[in-house]
Amino acid sequence: MSVIAKEEIVAKIAEIAERVAEPEGIEIVEVQLLGAGRGRLLRLYIDRAASEASPDRPQGVTHADCEFISHQVGTILDIEDVIPGDSYTLEVSSPGLERKLSKPKDFERFVGQKAKVVLREPVENQRRWEGKIAGISQGVVALEIAALEPSAGRVIRFPLAQVEKANLKFDW
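Caption draft 1: Highlighting unusual backbone geometry. Positive phi outside glycine occurs at aspartate 81, with the angle close to 50 degrees. Within the element layout of this structure, aspartate 81 appears in the loop between helix H2 (63–80) and strand S3 (89–93). Its identity as a non-glycine residue notwithstanding, glutamate 124 has a phi of 55 degrees, on the positive side. Position of glutamate 124 among the secondary structure elements: in the loop between strand S4 (114–123) and strand S5 (126–137).

Caption draft 2: Expanded view of the nonpolar core. With 21 residues, the main nonpolar core has Ile13, Leu42, Leu44, Ile69, Val73 and Leu77 as its most contacted residues. When residues of this core are traced back to their parent elements, those giving at least two are helix H1 (3–21), strand S1 (27–34), strand S2 (41–47) and H2. Ranked by residue count, the leading element in this core is H1, at seven residues. If near-sequence neighbours (up to four positions away) are discounted, leucine 77 is found in contact with Ile13, Ile16, Leu42, Val82, Ile83 and Tyr88. Counting 19 residues, the second largest nonpolar core, distinct from the first, contains Ala115, Val123, Val163 and Leu168.

Conventions we followed
- Residues numbered from 1 in each chain as written.
- Predicted model: local features only at pLDDT ≥ 70, side-chain atom pairs only at ≥ 80, totals over all residues.
- Heavy atoms only, no water.
- Helix = DSSP H or I, 4+ residues; strand = E, 2+ residues; numbered from the N terminus.
- Core = buried A, V, L, I, M, F, W, Y, C linked by side-chain atoms within 4.5 Å.
- Buried < 20%, exposed > 50% of the residue type's maximum accessible area, 1.4 Å probe, protein only.
- Contact = heavy atoms within 4.5 Å.

Here is the structure:
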């Protein structure tokens, strides 16, 4: 399967998954299509925003959320024959505590939380940064870097397009 064909399939899967998830207040964080042939794996990472939480719907992803998305999306994918070939394994799970950050809304949602960022090109002669997300505006991410003295933090800025990899950072 060519890279372009795979990207088109992943985009179609993401569109189907978002169509199923959105009315339930569930966010599709990431879609991965890995492997080939009988070993093909489709992995969906889902999350639920704090704003969607209620007494009958807790914050975060439940087993029932994963089961719902798996059943609904799997059925549509099979009916529409989106994934070529005769078999694949579908996994649906939470993105975890150190979830990936890739979209502008990820950086907006997690303002004030610690993140680890790897850039494609260095900023201030450095590609790897850790700090608190200060925000995002017009496609530019602001990250507050802890300075040696507690009262003197500084903020670095870089275009979101410059981010190679970014994850929340959980302090164990």
